[in-house]
Amino acid sequence: MVDSTLLMAENLSRFFGKDRFAAVRGVSLRVHAGEVFALVGPNGAGKTTTVRMCSTLLSPSQGVLEINGVDAVRHPQQARHGLGLVLGGDLGFYPRATALDNLLFFADVAGLSGAQRRSEVADALQRVGLSDRASSKVGEFSRGMKQRLHIARALLGAPRLLLLDEPTSGLDPEAALSVRDLIASLAADGVGVLLTSHTMDEVEELASVISVIGAGHIVVSGQVRDIARYAGIRATTSATLPAQAVHVKEDLEHVIGDAAEVRMRAKGSNWSLAVHWREDPAEGLQQLEGVLSRHGLERPADLFTRPASLQDAYLAISDGLQR
């Protein structure tokens, strides 16, 4: 059986300064061909430090790192040939040069041959949907177009592994959707992807494996159901309540006790209710409707119960992820 592991990190740690501050401690992960592996956590948790170590931009203080079977700690330059890195942002290109000329330059930097470079650049631009803007100056590009150009640059040399650090950060919804579709298509073609993101629905849509990192170490890994199980959430009920429902939260908490966590926040002139059930919600839903009835409220038209989402689970454990 052929090993599909493209990235293997074991007990990676990175310390900074004289006091040896542990930005990352004991992080282990594996990314396989055709898989999107997502790393999520709050700012300062160690996501970008982990990506930089996995890309060989930053040497780990300790641990094992292999990229396409190459020891990336001992042979970083050799390991780099098998990966593409996207840190994104508005920098990284020559704004007065065209998209085509920028990529041709980076193809030269990557060591692509003259015969190969033009076809690879054309393929990369086509892959990210920028073929029709190849002759446009990058300084005229929107943030979303620049982000796609970053991915095109990372695709030069046909790497089997892509490291994407918050690739949709700051993009409008349409541009973010375009980048998501691109990531999904790359994974479908067999590329392995290590993705960091703050957007939970994006991660839930794309990732086959998710690791939650907090204070520099992995807290829990698996699929959404595994994260939800760790968070102690089985299902979530949501609804919109009128302004007079201000006391529903405390009454509901009194009735259902430890069976759920109740959250209410202002939503315009109404309230947004979310109940995260730790147990089977069947009995709790009857209690919820009873509380609403006692407050003289009808059953909300948008009352809905669904399996716990990644965002539900993440919010439930987010306080424990801070340093």
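A short tour of the structure in this document, coming up. (Residues numbered from 1 in each chain as written. Predicted model: local features only at pLDDT ≥ 70, side-chain atom pairs only at ≥ 80, totals over all residues. Heavy atoms only, no water.)

Let's shift gears to unusual backbone geometry. Look at Ala158: it is not a glycine, yet its phi comes out positive at around 50°. In this structure, Ala158 sits in the loop between helix H5 (143-155) and strand S7 (161-165). For Ala215, which is not glycine, the phi dihedral falls at a positive 55°. Take Ala215: it is sitting in the loop between strand S9 (209-214) and strand S10 (217-222). (Helix = DSSP H or I, 4+ residues; strand = E, 2+ residues; numbered from the N terminus.)

A word on the pattern of salt bridges. By the definition in use, this model includes 11 salt bridges. One salt bridge in this structure joins Glu10 and Arg30, with 3.6 Å as the shortest N-O distance. A residue pair is termed long-range when its members are at least 10 positions apart, and Glu10 in strand S1 (residues 5-16) and Arg30 in strand S2 (residues 21-32) qualify at 20 residues. Taking relative accessible area as the criterion, Arg30 reaches 38% and is therefore assigned partly exposed. Between Asp108 and Arg117 there is a salt bridge, and its shortest N-O distance comes to 2.7 Å. Salt bridges sharing partners connect three or more residues here, namely Arg180, Asp201, Glu202 and Glu205. (Salt bridge = Lys/Arg side-chain N within 4 Å of Asp/Glu carboxyl O. Buried < 20%, exposed > 50% of the residue type's maximum accessible area, 1.4 Å probe, protein only.)

Let us now look at the sheet that holds S9. Read from one edge to the other, the open sheet built from six strands follows the order S6-S7-S8-S3-S9-S10, with strand pairing classed as mixed. Looking along the sheet, the strands with just one partner apiece sit at the ends: strand S6 (83-86) and S10. Within this sheet the neighbouring strands show an average axis-to-axis angle of 15°, counted without direction. As paired strands, S6 and S7 are joined by four bridges and run parallel to one another. Opposite Val86, over in S7, you have Leu164 as the bridge partner. Packed on one face of the sheet, H5 meets S6 and S7 and runs near 160° to S6. (Pairing = 2+ DSSP bridges. Axes fitted to C-alpha atoms, helices over the stretch in contact; angles between N-to-C directions. Contact = heavy atoms within 4.5 Å.)

Position of Ser211 relative to the elements: it lies in strand S9. At 2.5 Å, the side chain of Ser211 and the side chain of Ser221 are in polar contact. Discounting residues that sit within four places of it in the chain, Ser211 has contacts with Phe37, Ala38, Leu39, Val40, Ile218, Val220 and Ser221. (Polar contact = N/O pair within 3.5 Å; in protein donor to acceptor, adjacent residues only side chain to side chain.)

Here we take up the pairing of strand S4 (residues 62-67). Where S1 lies against S4, five bridges are found, and the strand directions are antiparallel. Bridge pairing in S4 places Glu10 opposite Val64. By the bridge criterion, two bridges tie S4 to strand S5 (residues 70-71) in an arrangement that is antiparallel. Bridging from a neighbouring strand, Glu66 pairs with Asp71 of S5.

Close contact between H5 and helix H6 (residues 173-188) brings their axes to 9 Å; oriented N to C, the two are set at 20°. As judged from the angle between their axes, H5 and H6 are roughly parallel. Viewed along their axes, H5 and H6 form a crossing whose handedness is right-handed. Of H6, the residues touching H5 (which contributes Gly144, Arg148, Ile151 and Leu155) are Ala175, Ser178, Val179, Leu182 and Leu186. (Parallel < 35°, antiparallel > 145°, perpendicular 65-115°, else oblique. Left-handed = near helix turned anticlockwise from the far one by under 90°.)

As a further point, take H6. Between its terminal C-alpha atoms H6 stretches 22 Å, which fits the 22 Å expected from 16 residues at 1.5 Å a residue. Along H6, the residues classified as buried are Ala175, Ala176, Val179, Arg180, Leu182, Ile183, Leu186 and Ala187. For H6, the angular spread of buried residues about the axis comes to 160°, placing them on one side. With respect to the buried face of H6, the exposed residues turned more than 90 degrees away are Pro173, Glu174 and Ala188. The elements touched by buried residues of H6 are strand S3 (36-40), helix H4 (114-127), H5, S7, strand S8 (192-196) and helix H7 (200-206). At the C-terminal side of H6, Gly190 shows a positive phi close to 100°. (Expected span 1.5 Å × (residues − 1). Arc of directions from axis to C-beta.)

A grouping of Tyr94, Phe105 and Val109 is seen on the molecular surface, where their side chains present a nonpolar patch of about 320 Å² in accessible area. Here Tyr94 shows up in the loop between S6 and helix H3 (99-109). (Patch = residues over 30% accessible without salt bridge, like charges linked within 9 Å, V, L, I, M, F, W, Y side chains within 5 Å. Areas by Shrake-Rupley, 256 points an atom, 1.4 Å probe, with all protein chains shown as cover.)

Now for the packing of aromatic side chains. Within this structure, the stated rule accounts for three aromatic pairs. Note on Phe93 and Phe106: the rings are 5.9 Å apart at their centroids and 80° apart in plane angle, and the pair reads as edge-to-face. One end of the pair, Phe93, is in the loop between S6 and H3; the other, Phe106, is in helix H3, and 13 residues separate them in sequence. Given the relative accessible area of 10%, Phe93 is considered buried. Relative to Phe105, the ring of Tyr94 lies with its centre 5.5 Å away and its plane at 85°, an arrangement referred to as edge-to-face. (Phe/Tyr/Trp six-rings, centres within 6.5 Å; stacked < 30°, edge-to-face > 60°.)

So, on to the pairing of strand S12 (residues 260-267). Both S12 and strand S13 (residues 270-277) contribute to a ladder of eight bridges, which runs antiparallel. Bridge assignment links Glu261 to a residue of S13, and that residue is His276. Counting the residues between successive antiparallel strands, the hairpin from S12 to S13 contains two residues, one of them, Gly268, with a positive phi of roughly 65°.

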